[in-house]
Amino acid sequence: MNVVTIGVGYVGLNTAVALAYIGHTVRGVDVDARKIDLLKQRKAPISEAGLDNLLTQQMDLRFTTSLAEVIQEADIIFIAVGTPSLPNGHANLAYVESAANDIGKLLQPSHDVTIVVKSTVPVGINSQIERQIRESISARGGNTSYLHFASNPEFLREGTALMDTFYPDRFVIGTEDDRAFEMLHNLFMPIIDQTFEQPPFIDVPNPRPKTQCLRTNQISAEMIKYASNVFLALKISYANEIAGLAEKLGANMADISAGMGMDRRIAPYFLQSGLGWGGSCFPKDSLALLSISRDYDYKMPIVQAALDVNNAQKDRLVQKILTRLHILPGRRIAVYGLSFKPNTDDVRNSPSVEIAQELVRRGAVVTVHDPEGLANARVIYKDDGFIFCDTPDEAAKNADALVIATNWACYKTLDWSAIAKTMRQPLVFDARNMLRGMRFDNVEIIGL
Ligand code: UGA
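A. Main features of empty space enclosed by the protein. Applying the stated rule across the entire model yields 1 cavity of 30 Å³ or more. Lining the largest cavity we find Val-117, Lys-118, Ser-119, Thr-120, Val-121, Asn-126, Ser-151, Pro-153, Glu-222, Lys-225 and Tyr-226. Along the lines of polarity and charge, the residues of the lining of the largest cavity split into 4 nonpolar, 4 polar and 3 charged.

B. Looking closely at the nonpolar core. Grouped together as the largest cluster of nonpolar side chains are 42 residues, with contacts concentrated most on Leu-61, Phe-78, Phe-166 and Leu-184. Within the residue set of this core, elements represented by two or more residues are helix H1 (10-21), helix H2 (33-40), helix H3 (51-55), strand S3 (61-64), strand S4 (76-79), helix H7 (161-166), strand S7 (170-174) and helix H8 (178-192). The contact partners of Leu-184, leaving out residues within four places of it in the chain, are Ile-76, Phe-78, Val-116, Ala-150, Asn-152 and Ile-173. Formed by 31 residues, the second largest nonpolar core is a distinct cluster that contains Val-318, Ala-356, Phe-386 and Leu-427.

C. Here's a closer look at H8. The terminal C-alpha atoms of H8 lie 18 Å apart, and with 15 residues this falls more than 12% below the ideal 21 Å at 1.5 Å per residue. Along its length, H8 reaches its greatest deviation from straightness, about 40 degrees, at Asn-186, and the proline Pro-190 lies no more than four positions downstream. Buried within H8 are the following residues: Ala-180, Phe-181, Met-183, Leu-184, Leu-187, Phe-188, Pro-190, Ile-191 and Ile-192. N-capping of H8 is provided by Asp-177, with a side-chain oxygen placed 2.9 Å from the backbone N of Arg-179. Among the residues trailing H8, Gln-194 stands out with phi positive, at a value near 55 degrees.

D. How the structure looks around the packing of aromatic side chains. In this structure the tally under the stated criterion is 12 aromatic pairs. Ring geometry for Phe-78 versus Phe-188: centroids 6.2 Å apart, planes at 50 degrees, classification tilted. You can see Phe-78 sitting in strand S4 and its partner Phe-188 sitting in helix H8, a full 110 residues away along the chain. With respect to burial, Phe-78 and Phe-188 carry one shared label: buried.

E. Main features of the sheet that holds strand S10 (residues 365-369). Pairing within the open sheet is parallel, and its 6 strands lie in the order S11-S10-S9-S12-S13-S14. Single-partner strands in this sheet number two, and they are strand S11 (387-388) and strand S14 (444-447). Relative to S11, S10 is paired through 2 bridges, and the arrangement is parallel. The residue bridging Thr-367 from the neighbouring strand is Ile-387, located in S11.

Quick notes on the rules
- Residues numbered from 1 in each chain as written.
- Predicted model: local features only at pLDDT ≥ 70, side-chain atom pairs only at ≥ 80, totals over all residues.
- Heavy atoms only, no water.
- 1 Å grid on protein atoms, 1.4 Å probe; cavity = no way out; pocket = protein on both sides within 12 Å on 5 of 7 lines; lining within 4 Å.
- Points joined across faces, edges and corners; volume = space filled by probe spheres on them.
- Nonpolar A, V, L, I, M, F, W, Y, C, P; charged D, E, K, R; others polar.
- Core = buried A, V, L, I, M, F, W, Y, C linked by side-chain atoms within 4.5 Å.
- Buried < 20%, exposed > 50% of the residue type's maximum accessible area, 1.4 Å probe, protein only.
- Helix = DSSP H or I, 4+ residues; strand = E, 2+ residues; numbered from the N terminus.
- Contact = heavy atoms within 4.5 Å.
- Expected span 1.5 Å × (residues − 1).
- Bend = angle between axes of the 7 residues up to and from the residue.
- Polar contact = N/O pair within 3.5 Å; in protein donor to acceptor, adjacent residues only side chain to side chain.
- Phe/Tyr/Trp six-rings, centres within 6.5 Å; stacked < 30°, edge-to-face > 60°.
- Pairing = 2+ DSSP bridges.

Quick look at the structure:
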């Protein structure tokens with residue numbers, strides 16, 4: 001099939017590459033000329049496991065900044081542009097609306113096409129987009145019965161985006177239009193049936209999921225996305241709340257998470273306590289869900305509590321640091337990890353960066369290290385007063401304390417006793433609890 005994805009960010013790009021790999025003809029469109037230039041040279045503009053390799057495979061995959069160049073060939077168009085938060089918590093729909101506007105203007109009036117929203121949009125926006133495009137086509141004398149619409153929310157995670165795209169737990173196809181469902185079902189068939197040739201450089205999850213396909217209406221599909229993300233966020237917040245009480249009682253949170261996770265109904269995932277959740281999705285989607293609920297005069301105290309607990313985790317860490325260092329102005333503190341989670345170079349909306357910023361605000365001299373996110377951080381946070389360090393050793397030297405803010409695996413295998421010797425005080429705040437249970441000579445490790 002001929003596929004066009006509008007937006008080649010995390011969602012659009014990984015979807016485009018995976019669809020091309022399983023044999024479709026795919027064109028990726030983006031307004032960001034820098035990104036498109038890189039992709040034309042088969043270079044990935046984001047750091048994702050396996051993406052560089054996959055981009056160099058023989059596939060019918062091309063990139064352009066011009067939707068007009070490619071739209072007339074499309075059997076399926078994905079809208080996969082960003083929906084960042086507005087100051088009031090609502091999702092900013094400007095990019096989605098602009099994509100819908102372009103489609104409405106450029107599509108030939110007799111074009112038979114399925115238009116699919118992959119961007120995370122507030123409930124009801126799929127039908128708004130559908131109306132907008134239908135009106136535009138009929139205003140140009142077109143036959144709108146050729147137009148088919150569906151919502152197809154995305155569940156991939158940054159860092160494992162391709163693994164999640166090839167081996168998903170589920171496809172949700174939100175449409176009451178049989179033709180749209182059939183088109184999407186056929187498009188994804190090799191992934192739904194898991195019959196594609198495995199790309200050798202993408203890890204297969206263990207256990208390997210049995211991919212399921214669920215057909216719903218558009219509104220339910222939109223809600224499934226928000227309800228899933230916010231549920232995962234509140235699961236982590238719950239683990240963090242329990243961890244706070246466990247600390248007071250002298251219980252071991254790692255054991256508590258393990259014990260809870262052995263119950264199949266709870267499952268062992270997203271129970272890791274620590275500095276809390278960040279990234280481009282959980283904070284944005286929980287705020288958006290609250291904004292939607294307010295619009296409908298409905299209260300969601302559980303969602304609000306998940307956000308409150310998440311914010312409180314950062315305060316808990318700062319209080320722990322204050323209790324030990326007392327005075328922060330002039331103190332040198334090393335922060336290990338800036339990305340919002342390991343295995344990504346994405347340093348936006350990162351709890352780790354927020355901690356580093358808070359320490360600077362309180363007068364500390366803050367050295368920062370990240371194995372993959374430094375290049376991005378040097379650009380985005382150039383005015384934040386951080387001292388960027390290329391190695392963990394450099395960041396730790398002469399520090400009064402060190403904070404492990406992102407649980408990069410490489411931090412676990414460091415020679416902590418050697419690092420501590422170079423610090424003014426061998427004090428490590430393990431805000432991701434990744435060294436829990438480990439002992440090192442002359443190092444004091446304080447968990448969160
Ligand atoms: C999340 C969802 O997991 C995806 O299913 C969804 O498609 C995506 O949002 C999206 O809406 O696009 P992502 O933001 O990439 O994916 O990251 P996660 O792996 O879910 O982690 C989110 C945050 O939770 C990170 O800051 C991570 O450090 C934190 N976390 C995760 C914990 O604090 N504890 C845990 O046990 C797990």
